[in-house]
Amino acid sequence: AQSVTQLGSHVSVSEGALVLLRCNYSSSVPPYLFWYVQYPNQGLQLLLKYTSAATLVKGINDFEAEFKKSETSFHLTKPSAHMSDAAEYFCAVSPPGANNLFFGTGTRLTVIP
Amino acid sequence: ETGVTQSPTHLIKTRGQQVTLRCSSQSGHNTVSWYQQALGQGPQFIFQYYREEENGRGNFPPRFSGLQFPNYSSELNVNALELDDSALYLCASSPPGTSYNEQFFGPGTRLTVL
């Protein structure tokens with residue numbers, strides 16, 4: 001069975017500080033991995049994806065994530081938080097051959113001025 | 001390029017009623033998936049449509065049904081609405097030829113069941 005765990009339902013950082021949002025997955029085979037962002041009253045926007053190419057993935061708005069098979073992790077980072085980064089972030093996995101995404105429960109990021 | 005669109009944006013129904021939600025896929029995308037996002041939760045997969053046929057279903061009862069049309073747009077129908085059906089319903093479309101199941105989401109329809 002596939003599952004995604006996002007550690008920390010709420011994360012607060014100061015503006016300009018490092019953002020680190022954690023995601024661990026369970027899968028019998030290395031899956032495809034995604035990070036989505038959701039702003040209030042909006043749908044999901046894709047930040048970045050891992051599709052078994054480079055393990056360090058760069059996305060939009062200076063976000064990046066590193067796939068670590070040994071740790072079954074795909075943590076999301078950004079060097080310097082901006083006020084506009086305040087939103088809900090979801091990690092999702094898709095096992096090879098699957099037709100759907102399995103989402104974590106989300107992490108709400110607050111940026112403190 | 002037009003993204004995924006959904007209608008209506010908000011809907012209020014009463015328990016026992018039926019509802020139809022609509023989705024237009026992104027241009028060139030032939031696969032549509034529907035998800036339910038309850039308040040404070042991550043999206044849960046309802047089902048997927050490909051070439052007008054259901055192509056996978058999550059753990060939802062049969063009163064959740066769908067359609068896909070030749071232009072790849074889709075409908076989600078929910079019969080006998082229950083209070084727990086109150087949620088944001090998200091539609092996502094996928095382009096042909098990708099093996100990694102990248103999905104592009106619409107803005108969602110917020111359904112409230114009273």
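Everything discussed here concerns the structure shown above.
Residues numbered from 1 in each chain as written. Chains lettered and ligands numbered in written order. Predicted model: local features only at pLDDT ≥ 70, side-chain atom pairs only at ≥ 80, totals over all residues. Heavy atoms only, no water.

## Side note on the nonpolar core
Argument step 1. One finds A:Trp35, A:Leu47, A:Leu48, A:Phe74, A:Leu76 and A:Tyr89 to be the most contacted residues of the largest nonpolar core, which totals 26 residues.
Argument step 2. Sorting the residues of this core by element identifies strand E2 (10-14), strand E3 (19-21), strand E5 (32-38), strand E6 (44-50), strand E8 (64-68), strand E9 (73-78), strand E10 (87-94) and strand E12 (107-112) of chain A as the ones contributing at least two each.
Argument step 3. In terms of residues, this core owes the most to one element, E10(A), which gives 4 residues.
Argument step 4. With 20 residues, the next largest nonpolar core counts B:Val32, B:Phe60, B:Cys91 and B:Leu111 among its residues. (Core = buried A, V, L, I, M, F, W, Y, C linked by side-chain atoms within 4.5 Å. Buried < 20%, exposed > 50% of the residue type's maximum accessible area, 1.4 Å probe, protein only. Helix = DSSP H or I, 4+ residues; strand = E, 2+ residues; numbered from the N terminus.)

## Details of the sheet that holds strand E1 (residues 5-7) of chain B
All names here are of chain B.
Argument step 1. The strand order across the open sheet built from 4 strands is E1-E3-E8-E7, with neighbouring strands paired in antiparallel fashion. The open sheet has two edge strands, E1 and strand E7 (64-68), and neither has a second partner. Sheet twist, expressed as the average angle between the axes of neighbouring strands with direction ignored, equals 20°. (Pairing = 2+ DSSP bridges. Axes fitted to C-alpha atoms, helices over the stretch in contact; angles between N-to-C directions.)

## Structural notes on the state of the cysteines
All names here are of chain A.
Argument step 1. On inspection of all chains with the given rule, the structure shows 2 disulfides over all chains.
Argument step 2. Covalently, Cys23 is tied to Cys91 through a disulfide, its sulfur atoms 2.0 Å apart. With the S-S bond torsion at -60°, the cross-link from Cys23 to Cys91 turns out left-handed. Taken as a pair, Cys23 in the loop between E3 and strand E4 (24-26) and Cys91 in strand E10 lie far apart in primary sequence, 68 residues in all. Both residues of the pair, Cys23 and Cys91, count as buried. (Disulfide = S-S within 2.5 Å.)

Limitation: the analysis is restricted to geometry and does not speak to function.
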